[in-house]
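Each chain, letter by letter, is given below.
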Amino acid sequence: MERKIRDLEFERAEINIGLLHQELKAALGDHFTGVSFDGKKLRVHLFDDAPADIDGLAGPVVAAHTSSDESAADKRQKEDAALLDSLRGKKVDQWKQEEKDRLLEILLSRVGGI
Amino acid sequence: MTWTFPKTWFAGERVTAALLNTHLRDNLNALHVRPKAVYSNNACSYSTSSASMVNVDGTNLELSIDTTGGDVLVLVQATIQVAGQYWTDRVNLGVTCDGVLGGVRPQVTRYGSNDNKIVVSFFVVFQDLTIFTHDFALQWNVTGATSGSMIQVSMLVREIG
């Protein structure tokens, strides 16, 4: 049985959905199940049984959100892309051990190993 | 155009214009003009991080038809992108009728980069609906993934009998 959801709606021109999700999760806890965005309207999804005072906590978080900021996952993704670019320009015997270790992690994640 | 269950005719019965109009003209029109609703967007930018099933768009992708009773077919085609871990993280899709999920719930799993586009098509048949206005909504959520995006979508709702 799906739990009932209710939405809070806000106008936003841009969001970083991964980062905003983290920010709202930190503020709203387990009452929060995610956000949806259509390029103009932002919907914050709360479980229907969330207390009403939770609603007031979402607005300030949405207002303070900066879409150009990066989440930890965004940073990791950029670092991984930069690592792959740098390794492409080097011979294998020039790769550092930490670069090899991270490359192995990236490859394993892509084949479903971890 | 409303459907009237066809009457049973008796030998020697007088056929009137009213009977012909009701049981032939109106029923043929009802069969020809089935209730339907359509929405297509070739350049949408929906995204979600919701772990629970939520409407993709509470306005455009929530279609209503006045059914004449019977089965309703919902066809969906969408282009999806999944941001998250490879292979394990996914976007799940579904269609509700009056708020209740029905039929299959296709799963779209990430492969390659976040930018890879995956086209998914599926249909759901809602059976034996009553004569009424029914609402059909496309829903989605993410499992594990950071977010899911939808960049193209078409949805057709049509009574099929």
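Calculation notes
Residues numbered from 1 in each chain as written. Chains lettered and ligands numbered in written order. Predicted model: local features only at pLDDT ≥ 70, side-chain atom pairs only at ≥ 80, totals over all residues. Heavy atoms only, no water. Helix = DSSP H or I, 4+ residues; strand = E, 2+ residues; numbered from the N terminus. Rg over C-alpha atoms; globule rule 2.2 N^0.38 Å. Buried < 20%, exposed > 50% of the residue type's maximum accessible area, 1.4 Å probe, protein only. Contact = heavy atoms within 4.5 Å. Lys, Arg positive; Asp, Glu negative; His and termini not counted. Charge placed at Lys NZ, Arg CZ, Asp CG, Glu CD. Buried area = accessible area lost by both parts, 1.4 Å probe. Salt bridge = Lys/Arg side-chain N within 4 Å of Asp/Glu carboxyl O. Polar contact = N/O pair within 3.5 Å; in protein donor to acceptor, adjacent residues only side chain to side chain. Nonpolar A, V, L, I, M, F, W, Y, C, P; charged D, E, K, R; others polar. Patch = residues over 30% accessible without salt bridge, like charges linked within 9 Å, V, L, I, M, F, W, Y side chains within 5 Å. Areas by Shrake-Rupley, 256 points an atom, 1.4 Å probe, with all protein chains shown as cover.

A. Fine view of the overall build of chain A. Scanning chain A from N- to C-terminus turns up 4 helices and 3 strands. Helices (α) and strands (β) of chain A occur, in sequence order from the N terminus, as β-α-β-β-α-α-α. Computed over the C-alpha atoms, the radius of gyration of chain A is 19 Å, more than 25% above the 13 Å expected from 2.2 N^0.38 for a compact globule of 114 residues. For the C-alpha atoms alone, the extent of chain A along its principal axes is close to 60 × 35 × 20 Å. Considering chain A as a whole, with its 114 residues, one finds that 35% of them fall into the buried category. Sequence separation of 24 or more characterises 59% of the internal contacts of chain A that already satisfy a separation of 6 or more. Taken together, the 18 basic and 23 acidic charged side chains of chain A have centroids lying 5 Å from each other.

B. View of the interface of chain A and chain B. Contacts between the two partners involve 22 residues from chain A, matched on the other side by 24 residues from chain B. Surface buried jointly by chain A and chain B totals about 1600 Å² across both partners, of which 43% is contributed by carbon and sulfur atoms. Connecting chain A to chain B are 0 salt bridges. At the junction of chain A with chain B, the criterion picks out 10 residue pairs in polar contact (both at pLDDT 80 or more). Mapped by element, the contributors of at least two residues to the side of chain A that touches chain B are α1 (17-28), β2 (32-37), β3 (41-47) and α4 (97-110) of chain A. Taken together, the residues of the side of chain A that touches chain B sort by class into 7 nonpolar, 10 polar and 5 charged.

C. Structural detail: the pattern of salt bridges. Tallied over the full model, the rule gives 16 salt bridges over all chains. Put simply, A:Arg76, A:Asp80, A:Arg102 and A:Glu105 are held in one network by salt bridges that share partners.

D. Representation of a nonpolar patch on the surface in the model. There is a patch of nonpolar side chains on the surface, built from B:Trp3, B:Phe5, B:Trp9, B:Val15, B:Leu20, B:Leu24, B:Leu28 and B:Leu31 and spanning about 820 Å² of accessible area. Turning to its location among the elements, B:Phe5 is positioned in the segment before α1 (17-32).

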